[in-house]
Amino acid sequence: MFKIGLIINPLAGLGGSVGLKGSDDLAAQALALGAEPRALQRTALALAELAAVHEHFTVLTAAGDMGETVCQALNLSYQVCYHPESGLTTANDTKAAVNQLVAQDIDLLLFAGGDGTARDVCAVVPKNLCVLGIPAGVKIHSGVYGVTPAATGRLLAKLIAGEPVSLRSAEVMDIDETAFRAGLVQAKRYGDMLVPNDLSYVQAVKASGVESDELVLLDIADDIVERMQEAPDHYYIMGSGSTVAAVMARLGLPNTLLGVDLVHQQQVVASDLDAQRLYQLIHDKPTKLVITLIGGQGHIFGRGNQQLSPQVIRAVGQENIWLLATKRKLNALQGRPLRVDTNDPQLDQALSGLMRVITGFNDEVLVRVANPEFEA
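1. Details of the side chain of Asp 348
Tracing the backbone shows Asp 348 in helix α13 (residues 345–351). Filtering out sequence-adjacent residues up to four positions away, Asp 348 remains in contact with Val 340, Asp 341, Thr 342, Asn 343, Asn 371 and Phe 374.

Here you go:
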């Protein structure tokens, strides 16, 4: 029997949809703002991919929402090896649970969370133990996570079935959330963990968003400004990142670099919006969504921009998404497709296929959007 060690950070991802840009030490505030926990749901999406091999593995996990709840719901064979001190789990619970599971001679450690969780796991996990992360947090810069929850499960199913998968050492990165909320990205490497070496399923480490060729960004910005002038009555959701920031700079407007702003008639209507407020403002109005992708990873949705909820994306409409990227950023993906991880599998599948990417002034390319779970 393949022995999976499972740890869930139940508080992971709480701060995303409500615009807090992280969840570290902000769980109570996020819940008060209406955030809905999603780590258990995303873990269930991953574990559901193991149905075909269910007789060949057992799960060792922690009590309650740190793992037991999901195992019960999916009727998995499991054993509880750790009990958290309280319902509001902490980093110490994650570390203690890792130690308890490792003592049970597990074959792989599966955990759900974000970069903070990966950092806690990395601090105590043995260097020779294979780990795999289910993306459930707001910040997911580290290279130890599957590209989507279902992709994580599919890769794990391959391992359980005995298919040969090589391993590689992947960086664990985390950022200073206080600086992040002030618009600064201060990333730091906290170590490495051993993960399956399959970039079809496991994401790369986030690459720097600094673009050396400023003229390319100006060309992209000029293209978007011209498009806006042709549709002055539309509302424009301006996503996060330096590429979209170049458009805002061209418009002469203040910009939330790591948040979501709303523009109408070349004025900022509202800034740093959360998912609920954003939907309230645009659901009955003609709207375009201006976004870029995560450098090095290729993710369009689900990495640091959870304010762009499935409800918001559906209200905008797929045909009204303007995706911006330099050709340098696209080439850095080395042929890998773009990814979407909206926490809504049906929407993810609807967004799959060829998508136009604006790469300069009157310059577009077609790039494939595809998640492993939707490919044969």
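2. Some words on unusual backbone geometry
A positive phi is found at Asn 75, a non-glycine position, where the angle reads about 60 degrees. With respect to the secondary-structure elements, Asn 75 resides in the loop between α3 (68–73) and β3 (78–82). In this model, Gln 266 sits at a positive phi of 60 degrees, which is unusual for a non-glycine residue.

3. Let's talk about the sheet that holds strand β9 (residues 261–264)
Taken together, 7 strands build an open sheet; the order of strands is β10-β9-β8-β11-β13-β15-β16 and the sheet is mixed. The strands lining the two open edges of the sheet, one partner per strand, are β10 (267–270) and β16 (363–369). Across the sheet, the mean angle separating the axes of adjacent strands is 35 degrees when strand polarity is ignored. Judged from the 7 bridges that link them, strand β15 (residues 353–360) and β16 form a sheet pairing that is antiparallel. The partner of Leu 354 across the bridge, within β16, is Arg 368.

4. Looking at the packing of aromatic side chains
Applying the stated rule across the entire model yields 2 aromatic pairs. Consider the rings of Phe 111 and Tyr 145, whose centres lie 5.5 Å apart with planes at 70 degrees: the pair is edge-to-face. Residue Phe 111 is located in strand β4 (residues 108–113), and its partner Tyr 145 is located in the loop between β5 (130–135) and α6 (149–160); the two are separated by 34 residues in the primary sequence. Residue Phe 111 is classed as buried on the basis of its relative accessible area of 0%. According to the relative accessible area criterion, Tyr 145 is buried, its value standing at 0%. The ring of Tyr 235 has Lys 285 sitting right over it, with the charged end atom 5.7 Å from the ring centre.

5. Some thoughts on the packing of helix α4 (residues 91–102) against helix α5 (residues 115–124)
When two helices pack together, you describe them by how their axes are tilted relative to each other and by the distance separating the axes. At a minimum axis separation of 9 Å, α4 and α5 run at an interaxial angle of 45 degrees. Classified by the angle their axes make, α4 and α5 are oblique. Taken as a pair, α4 and α5 cross one another with a handedness that is right-handed. Touching Ala 91, Thr 94, Lys 95, Val 98 and Asn 99 of α4 are Thr 117, Asp 120, Val 121, Ala 123 and Val 124, all from α5. The class makeup of the residues in the contact of α4 with α5 is 5 nonpolar, 3 polar and 2 charged.

6. Quick look at the packing of helix α8 (residues 214–230) against helix α9 (residues 242–251)
Running from amino to carboxyl end, α8 crosses α9 at an angle of 60 degrees, the nearest separation of the two axes being 8 Å. One finds that α8 runs oblique with respect to α9. For α8 against α9, the interelement crossing comes out right-handed. Taking contact as the criterion, the partners of Leu 217, Leu 218, Ala 221, Asp 222, Ile 224, Val 225 and Met 228 in α8 are, on α9, Thr 243, Ala 246, Val 247, Arg 250 and Leu 251. Class assignment for the residues of the contact of α8 with α9 results in 9 nonpolar, 1 polar and 2 charged.

7. Quick look at helix α10 (residues 275–282)
Those residues of α10 not exposed but buried are Ala 275, Leu 278, Leu 281 and Ile 282. All buried residues of α10 lie within an arc of 130 degrees about the axis, which places them on one face of the element. Summarising the contacts, the buried residues of α10 are in contact with β8 (235–238), β9, β10, β11 (287–292) and α11 (310–316). For α10, the N-terminal capping position is held by Asp 274, with its side-chain oxygen 3.3 Å away from the main-chain nitrogen of Gln 276.

8. Section: the nonpolar core
Counting residues in hydrophobic clusters, the biggest one holds 32 residues, and the most contacted among them are Ile 4, Leu 50, Phe 57, Leu 108, Leu 110, Leu 156 and Ile 160. Ranked by residues supplied to this core, first place goes to α6 with 6 residues. Apart from the residues lying within four places of it in its own chain, the contact partners of Leu 108 are Phe 2, Lys 3, Ile 4, Gly 5, Leu 129, Cys 130, Leu 132, Leu 156 and Leu 159. Core analysis: the next-biggest nonpolar cluster, separate from the first, contains 31 residues, Leu 262, Leu 281, Leu 323 and Leu 347 among them.

9. Details of the environment of Val 138
Here Val 138 is to be found in the loop between β5 and α6. Residues Val 138 and Asn 305 lie 167 residues apart in sequence; the distance between their C-alpha atoms is 7.8 Å.

10. A few points about the pattern of salt bridges
Scanning all chains against the criterion turns up 14 salt bridges. Each of the salt bridges in this network shares a partner with another, and the network as a whole consists of Asp 223, Arg 227, Arg 356 and Glu 364.

11. Some points on the side chain of Thr 342
Here Thr 342 shows up in the loop between β14 (339–340) and α13. Within polar-contact distance, the side chain of Thr 342 engages the backbone nitrogen of Asp 344 at 3.2 Å. Reaching out from Thr 342, the side chain makes a polar contact with the side chain of Asp 348 at a distance of 2.8 Å. Apart from residues no more than four positions distant in its own chain, Thr 342 is found in contact with Phe 301, Pro 310, Ile 313, Leu 347, Asp 348 and Leu 351.

12. Let's talk about the confidence of the model for the protein
On average, residues of the protein carry a pLDDT of 88, and 88% of them reach 70 or more. Per-element confidence in the protein is highest for β8, whose mean pLDDT is 98, and lowest for helix α1 (residues 27–32), whose mean pLDDT is 52. Every residue in residues 18–23 scores below 50 in pLDDT, and together they form 36 contacts with partners more than four places removed in sequence or on other chains.

Parameters and conventions
Residues numbered from 1 in each chain as written. Predicted model: local features only at pLDDT ≥ 70, side-chain atom pairs only at ≥ 80, totals over all residues. Heavy atoms only, no water. Helix = DSSP H or I, 4+ residues; strand = E, 2+ residues; numbered from the N terminus. Contact = heavy atoms within 4.5 Å. Pairing = 2+ DSSP bridges. Axes fitted to C-alpha atoms, helices over the stretch in contact; angles between N-to-C directions. Phe/Tyr/Trp six-rings, centres within 6.5 Å; stacked < 30°, edge-to-face > 60°. Buried < 20%, exposed > 50% of the residue type's maximum accessible area, 1.4 Å probe, protein only. Lys NZ or Arg CZ within 6 Å of the ring centre and 35° of its normal. Parallel < 35°, antiparallel > 145°, perpendicular 65-115°, else oblique. Left-handed = near helix turned anticlockwise from the far one by under 90°. Nonpolar A, V, L, I, M, F, W, Y, C, P; charged D, E, K, R; others polar. Arc of directions from axis to C-beta. Polar contact = N/O pair within 3.5 Å; in protein donor to acceptor, adjacent residues only side chain to side chain. Core = buried A, V, L, I, M, F, W, Y, C linked by side-chain atoms within 4.5 Å. Salt bridge = Lys/Arg side-chain N within 4 Å of Asp/Glu carboxyl O. pLDDT = per-residue confidence, 0-100.

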